[in-house]
Amino acid sequence: MLAATASYASAAKNPAPVVSSGWVELTAPTTIALSGSATGFTYTPTAATVFVYDSGNPAGGQGTDKIETLVESLFSLPSTGTGSLKLTGFDDLSNGKSGSFNVTSSSSFDYLAVHYGGGELVFHWNTPVAANSLFTFTGLPNGISNYRAFSTISAVPEPSTYGMLLGGLALMGVVARRRARK
């Protein structure tokens, strides 16, 4: 286990505690050492936290629901309600070891799970990243095959909710006024 921990390093020399079997957590890394990568993996935009699994496919498979459960467990998020995840975007990719792709999503996201032939990278940003943002990367030992983007469900109502509330209040006012006239 010490050898696995020592094999991961970031440019910022952050400690890399092992979270669970095979997973390593890095804080704001700009470069990540992966087995089979001569130069190290680099990416933008820089995330606050990255979990790295560099041991093949993580347990559970690559289904969207499995990846959502994985992200929730890595970051200790609830599976339902406020703070849980909702899928905002996903895509299968062309197995590039370097390049870029737009994270096509229906809204901003703050978690991104990227699967490559030798493992899984799970990114978290403290400030949500805008929908359809460009994600660039270099130095993967194997090509990227897919990604899943998630946002957290917040307790703050969306603007459409306020609109429905105001519309309902206006309707109740009209009904009350009509009853007062009778």
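Residues numbered from 1 in each chain as written. Predicted model: local features only at pLDDT ≥ 70, side-chain atom pairs only at ≥ 80, totals over all residues. Heavy atoms only, no water.

Draft legend 1. Layout of the overall build of the protein. For the protein, the helix and strand inventory stands at three helices and ten strands. Listed by position from the N terminus, the elements making up the protein come as α-β-β-β-β-α-β-β-β-β-β-β-α. The buried share of the protein, taken over its 182 residues, is 38%. Counted over contacts in the protein with a minimum sequence separation of 6, partners at least 24 positions apart contribute 67%. (Helix = DSSP H or I, 4+ residues; strand = E, 2+ residues; numbered from the N terminus. Buried < 20%, exposed > 50% of the residue type's maximum accessible area, 1.4 Å probe, protein only. Contact = heavy atoms within 4.5 Å.)

Draft legend 2. Seen up close, the side chain of Thr49. With respect to the helices and strands, the residue Thr49 is situated in strand E4 (residues 49–53). A relative accessible area of 12% places Thr49 in the buried class. In contact with Thr49, not counting residues within four places along its chain, are Glu25, Leu26, Ala28, Phe75, Val122, Phe123 and His124.

Draft legend 3. Geometry of the nonpolar core. Within the largest apolar cluster, 25 residues are counted, with the highest numbers of intra-cluster contacts made by Phe41, Leu112, Phe123 and Phe135. When residues of this core are traced back to their parent elements, those giving at least two are strand E1 (23–27), strand E3 (41–44), E4, strand E6 (99–103), strand E7 (109–116), strand E8 (119–129), strand E9 (133–138) and strand E10 (144–152). Those residues in contact with Phe135 that lie beyond four places of it in its chain are Tyr43, Thr44, Pro45, Gly99, Ser100, Phe101, Val103, Leu112, Phe123 and Trp125. Within the second largest apolar cluster, 14 residues are counted, among which are Trp23, Ile67, Leu70 and Leu74. (Core = buried A, V, L, I, M, F, W, Y, C linked by side-chain atoms within 4.5 Å.)

Draft legend 4. Fine view of the sheet that holds E10. The six strands are arranged E1-E4-E8-E7-E10-E5 in an open sheet whose pairing can be described as antiparallel. Two strands close off the open sheet at either side, each with one partner strand: E1 and strand E5 (85–92). The average angle at which neighbouring strand axes cross in this sheet is 20 degrees, direction not considered. Sheet topology note: the E7/E8 ladder contains seven bridges and is antiparallel. Bridging across to E8, Tyr116 finds its partner in Gly119. Seen against the sheet, helix H2 (residues 64–74) touches E1, E4, E5, E7, E8 and E10 and runs at an angle of roughly 60 degrees to E10. (Pairing = 2+ DSSP bridges. Axes fitted to C-alpha atoms, helices over the stretch in contact; angles between N-to-C directions.)

Draft legend 5. Examining the sheet that holds strand E2 (residues 31–32) more closely. The four strands are arranged E2-E3-E9-E6 in an open sheet whose pairing can be described as antiparallel. Sheet topology places E2 and E6 at the edges, where each strand pairs with a single neighbour. Relative to E9, E3 is paired through three bridges, and the arrangement is antiparallel. Looking at E9, one finds that Thr42 is bridged to Thr138.

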